[in-house]
Amino acid sequence: MKSKPGKMALVLMMALMAVTGSVPAGGLPVETRWADPSSVQLNVEFPGNGYHASWDLFRCSCGDLLVRAELAVPGEVESGELLLIGGKAVLTRGFGVHKAEAAASLDAAALMMQLALRLLERSEPGGPAGISAPVEVDVLDEINNIYLDTGYAEGGFQAPWSIAGTISAPDDTLRKFDLNFTFSAGPPGAVEQAMMRLYGEADFAQQDFPVPGSSAIDDWDLSWRDENDAVKVTAKTLDGLRAQLRAK
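Conventions and cut-offs
- Residues numbered from 1 in each chain as written.
- Predicted model: local features only at pLDDT ≥ 70, side-chain atom pairs only at ≥ 80, totals over all residues.
- Heavy atoms only, no water.
- Pairing = 2+ DSSP bridges.
- Helix = DSSP H or I, 4+ residues; strand = E, 2+ residues; numbered from the N terminus.
- Axes fitted to C-alpha atoms, helices over the stretch in contact; angles between N-to-C directions.
- Contact = heavy atoms within 4.5 Å.
- Core = buried A, V, L, I, M, F, W, Y, C linked by side-chain atoms within 4.5 Å.
- Buried < 20%, exposed > 50% of the residue type's maximum accessible area, 1.4 Å probe, protein only.
- pLDDT = per-residue confidence, 0-100.
- Arc of directions from axis to C-beta.

Quick look at the sheet that holds strand β6 (residues 135–141) now. What the ten strands build is an open sheet, ordered β6-β9-β10-β11-β1-β2-β3-β4-β5-β12; its pairing is antiparallel. Strands with a single pairing partner mark the edges of an open sheet, and in this sheet they are β6 and β12 (221–224). Adjacent strand axes in the sheet meet at a mean angle of 20°, parallel and antiparallel pairs treated alike. Alignment of strand β1 (residues 39–46) against strand β2 (residues 51–59), held across eight bridges, turns out to be antiparallel. Bridge pairing in β2 places Leu 42 opposite Trp 55. Packing against the sheet, helix α1 (residues 105–123) makes contact with β1, β4 (76–85), β5 (89–94), β6, β9 (161–168), β10 (174–185) and β11 (192–203), and its axis sits at approximately 80° to β9. Across the sheet, helix α2 (residues 238–247) touches β4, β5 and β12, and the angle it forms with β4 is around 50°.

Given below as structure tokens:
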């Protein structure tokens, strides 16, 4: 897989395309897509090398995105939060020595969540509403490559690749998944089989955004998705920043 961001960008991920929606009491509408959760809890492991990342993603009905992330590699653990406002401003806090790279991790995060959603779509093309009892996943594709693109970064996996695992429905709106993704990696002439495990849960129920609009932004670090969108921020609260970006 290829991507453009730096070190921290290669190890954090989030669902940039998740959409908030309400769910009727009887369960999920049949038209619900895997890309429609209001929140996602996702873990990624590369078995055998000590790498593990986990994060919780929340999508605001206003379009903003919050990710609470934790990354563990041998001898090092970092955690922090990223808040994307209006698709332009990036607020971060935490991440220790990787603080300067945290904002750039949005693209790698989006690429990895795109991958998770593609794998879920291939595992159950009928969408999350098609899951009522535990489903065993066993998919092999020897023809179709996987192409991922956020608009700022891109990546992909060449065929052949395969998925094995399970998807279940603990309740009407929650879907749990545990998928082993096997793929080819390495330069031509030195291609090897590699595997990553993606597991967690996607919640399709409507829920409140964890960061209130009245929250102060002075304890967050501010950067910009695109430096051409940068403005002098005078707002003191999250709602104030949203209003200032809308008025630009």
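Resuming the write-up.
A word on the nonpolar core. Ranked by internal contacts, the top residues of the largest apolar core, which has 48 residues, are Leu 115, Leu 119, Trp 161, Phe 181 and Met 196. Of the residues forming this core, the biggest block, nine residues, is contributed by α1. The residues touching Leu 119, leaving out its near neighbours within four places in the chain, are Ile 146, Trp 161, Ile 163, Leu 179, Phe 181 and Leu 198. Within the second largest apolar cluster, 16 residues are counted, among which are Ala 89, Trp 224, Ala 235 and Leu 238.

Time to look at the side chain of Asp 36. By the element assignment, Asp 36 lies in the segment before β1. Residue Asp 36 is classed as buried on the basis of its relative accessible area of 18%.

For the rest of this paragraph, the subject is the confidence of the model for the protein. The predicted structure's coordinates, where accompanied by low pLDDT, should not be read in detail. On average, residues of the protein score 84 in pLDDT, and 90% of them reach the 70 mark or higher. Low pLDDT (under 50) marks residues 2–26, which in the prediction has 89 contacts with non-local residues, meaning those over four places away or in another chain.

Our next topic: the environment of Leu 117. Here Leu 117 is to be found in helix α1. A sequence separation of 82 residues divides Leu 117 from Ala 35, and the C-alpha atoms of the two residues are 6.5 Å apart. If we ignore the near neighbours within four places in the chain, the residues touching Leu 117 are Trp 34 and Ala 35.

On to the pairing of β10. Look at any regular strand and the pattern is simple: side chains alternate between the two faces of the sheet. Summarising the sheet, β9 and β10 pair through seven bridges and their orientation is antiparallel. Residue pairing for β10: Ser 162 is matched across the bridge by Thr 182. The turn linking β10 back onto β11 is made up of six residues, and Gly 186 within it adopts a positive phi angle of 115°.

Time to look at α2. Every buried residue of α2 is accounted for by Leu 238, Leu 241, Arg 242, Gln 244 and Leu 245. Projected down its long axis, α2 shows its buried positions confined to an angular sector of 165°, all on one face. The outward face of α2, more than 90 degrees from its buried face, is lined by the exposed residues Arg 246 and Ala 247. Here the buried face of α2 lies against β4, β5 and β12.

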